[in-house]
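Structural description and commentary
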Amino acid sequence: MIKARIQDSLNLLAAITLRRLWNLLLLRMSYVINILKKDMQPWGMPYSISVEPTTHCNLHCLECPSGQRQFSRKTGNLDVETYRHIIREMHTHLLYMILYFQGEPYLNKYFFDFIRIAKKHRIYTATSTNGHYLTEENARKTIDAGLDRLIISVDGVDQKTYEKYRVGGNLQSVKKGIETLVRIKKEKKSPKPYIILQFIVFGTNEHQIPEVKRLASELGVDRIELKSAQIYDYRKGSPLIPKNEKYSRYHRLADGTYEMKNKMLNRCWRMWASCVLTWDAQVVPCCFDKDAHYTMGSLLKDGFPQIWENKQYKNFRKKVFTDRQSIDICQNCTEGTKARS
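Definitions and cut-offs
- Residues numbered from 1 in each chain as written.
- Predicted model: local features only at pLDDT ≥ 70, side-chain atom pairs only at ≥ 80, totals over all residues.
- Heavy atoms only, no water.
- Helix = DSSP H or I, 4+ residues; strand = E, 2+ residues; numbered from the N terminus.
- Rg over C-alpha atoms; globule rule 2.2 N^0.38 Å.
- Contact = heavy atoms within 4.5 Å.
- Pairing = 2+ DSSP bridges.
- Buried < 20%, exposed > 50% of the residue type's maximum accessible area, 1.4 Å probe, protein only.
- Polar contact = N/O pair within 3.5 Å; in protein donor to acceptor, adjacent residues only side chain to side chain.
- 1 Å grid on protein atoms, 1.4 Å probe; cavity = no way out; pocket = protein on both sides within 12 Å on 5 of 7 lines; lining within 4 Å.
- Points joined across faces, edges and corners; volume = space filled by probe spheres on them.
- Nonpolar A, V, L, I, M, F, W, Y, C, P; charged D, E, K, R; others polar.
- Core = buried A, V, L, I, M, F, W, Y, C linked by side-chain atoms within 4.5 Å.
- Phe/Tyr/Trp six-rings, centres within 6.5 Å; stacked < 30°, edge-to-face > 60°.
- Lys NZ or Arg CZ within 6 Å of the ring centre and 35° of its normal.
- Right-handed = clockwise from strand over helix to strand, strands pointing away.
- Salt bridge = Lys/Arg side-chain N within 4 Å of Asp/Glu carboxyl O.

**Digging into the overall build of the protein**
- Counting its secondary structure elements, the protein contains eleven helices and eleven strands.
- For 341 residues, the compact-globule formula gives about 20 Å, and the C-alpha radius of gyration of the protein, at 20 Å, lands near that figure.
- Dimensions of the protein along its principal axes, counting C-alpha atoms only, are 55 × 50 × 40 Å.
- Considering only residue pairs separated by 6 or more positions, the protein has 69% of its internal contacts joining residues 24 or more positions apart.

Laid out in structure tokens, this is it:
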């Protein structure tokens, strides 16, 4: 696992250019200064973005707007021309791209093209999947396209526990897909993708943490990662909130209600240095804005620098650094509350 982690770091370093490094330094310096001044704007462009291949999904996960088919925004699939436009606008400063926001990325027929196009511009690529489409063919295409990092969600070690959250999912299919990917990666002697088995810790599966660590070892993945669960209506409690607060974003109060463990500081590096683009090229400030309520502009109408520096974005940043508690999408934020394996 250590060797794989070192290789993953080298893959990321391979994406660095002098221009991208300078951009990242500018972002970091302006962020630190703005914590004190609170009236500045980023000195650079996003070094990282999330791009949404699709809003569609094959599962019906309980706390997911895609799985529950509860979007208030338009749904659809990212097309190649829109994606090429995103790359043209952003590749010079872009170091890291997450090909995921909502939905199951493997459902987009152009998914492997998206990876290849990004790799032509030396951009580190990552995605997250529920693992049901890791067939022999897709596993080979994933490796051949050059994907750097693949996160696969496995939220239970038996079907009964797994499907309590991953409604409609088949654990055996996911395990077979992981085994197939690991096998082909070894056959090809490929240094990537860096394979992460992600276990979202719920009240329904927290008892299986030791077992899922063993499962990760048996499957031969590069890393096991425990992730705290986001519960939308958490204040009155939920069976999905873990009893062990080590793995929870929430703290139980004496009256039986819950509050976020996060101190909600008036700052956010994620929002300052990155953004999200929906399948139809709407720019939103954060991955917690799942319904794109805070759309800052459309990349199909305006250039990205124009959107990044517009009045709406400036006002949003200022609010984050002065009154973040009042922004609804910030009230379930994971910064400082991520569960550790």
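**Remarks on the sheet that holds strand 6 (residues 223–228)**
- The strand order across the open sheet formed by nine strands is 6-5-4-3-2-1-9-10-11, and the pairing between neighbours is mixed. Whereas interior strands pair on both sides, the edge strands pair on one side only; in this sheet they are strand 6 and strand 11 (297–298).
- Bridge analysis of strand 2 (residues 96–98) against strand 3 (residues 124–129) gives three bridges, and the strand direction is parallel. Across the sheet, Ile98 pairs through a bridge with Ala126, a residue of strand 3.

**A closer look at the side chain of Asn205**
- When you line up the elements, Asn205 lands in the loop between strand 5 (194–201) and helix 8 (209–219).
- The exposure class assigned to Asn205 is buried, which follows from its relative accessible area of 0%.
- Looking at Asn205, its side chain comes within polar contact range of the main-chain oxygen of Asp155, at 3.0 Å.
- At 2.7 Å, the side chain of Asn205 and the backbone nitrogen of Phe202 are in polar contact.
- Residues contacting Asn205, with those up to four places away along its chain left out, are Asp155, Thr161, Phe199 and Ile200.

**Topic: empty space enclosed by the protein**
- This structure, assessed with the given rule, holds one cavity of 30 Å³ or more.
- Of the volumes computed, that of the largest cavity is approximately 90 Å³.
- By residue class, the composition of the lining of the largest cavity is nine nonpolar, no polar and one charged.

**With respect to the nonpolar core**
- The biggest cluster of nonpolar side chains holds 93 residues, and the ones touching the most others in it are Ile49, Tyr83, Met97, Ile152, Ile178, Leu197 and Cys275.
- Apart from residues lying up to four places away in sequence, Ile152 is in contact with Thr129, Gly131, Leu134, Val174, Ile178, Leu181, Ile195, Ile196, Leu197 and Gln198.
- Counting five residues, the second-largest nonpolar core is a separate cluster that includes Leu95, Tyr96, Tyr124 and Ala126.

**Focus on the packing of aromatic side chains**
- Across all of its chains, the model carries 15 aromatic pairs by this definition.
- Ring-pair connections join several aromatic residues into one group, and the members of that group are Tyr31, Tyr47, Trp269, Trp272 and Phe321.
- In this structure, Lys290 packs its charged tip against the face of Phe288, placed 5.2 Å from the ring centre.
- Sitting over the ring of Trp308, Arg317 keeps its end group 4.4 Å from the ring centre.

**A few points about the pairing of strand 5**
- Counted residue by residue, strand 5 has eight buried out of eight residues, so it is predominantly covered.
- Here five bridges tie strand 4 (residues 149–153) to strand 5, and the two strands are oriented parallel to one another. Considered in strand 5, the bridge of Leu150 is made with Ile195.
- Of the crossover connections in this fold, the one passing from strand 5 over helix 8 to the parallel strand 6 is right-handed.

**Thoughts on the pattern of salt bridges**
- A full pass over the atoms with the stated rule returns 14 salt bridges.
- For Arg183, the salt bridge goes to Glu136, with nearest N and O atoms at 2.6 Å. Placement of Arg183 in helix 7 (residues 171–187) and of Glu136 in helix 5 (residues 136–145) is noted, with a sequence separation of 47 residues between them.
- Residue Glu136 is classed as partly exposed on the basis of its relative accessible area, which comes to 36%.
- Between Arg140 and Glu187 there is a salt bridge, and its shortest N-O distance comes to 3.4 Å. Of the two residues, Arg140 is situated in helix 5 and Glu187 in helix 7; the sequence distance between them amounts to 47 residues.
- Here Arg140 falls in the partly exposed class, since its relative accessible area comes to 29%.

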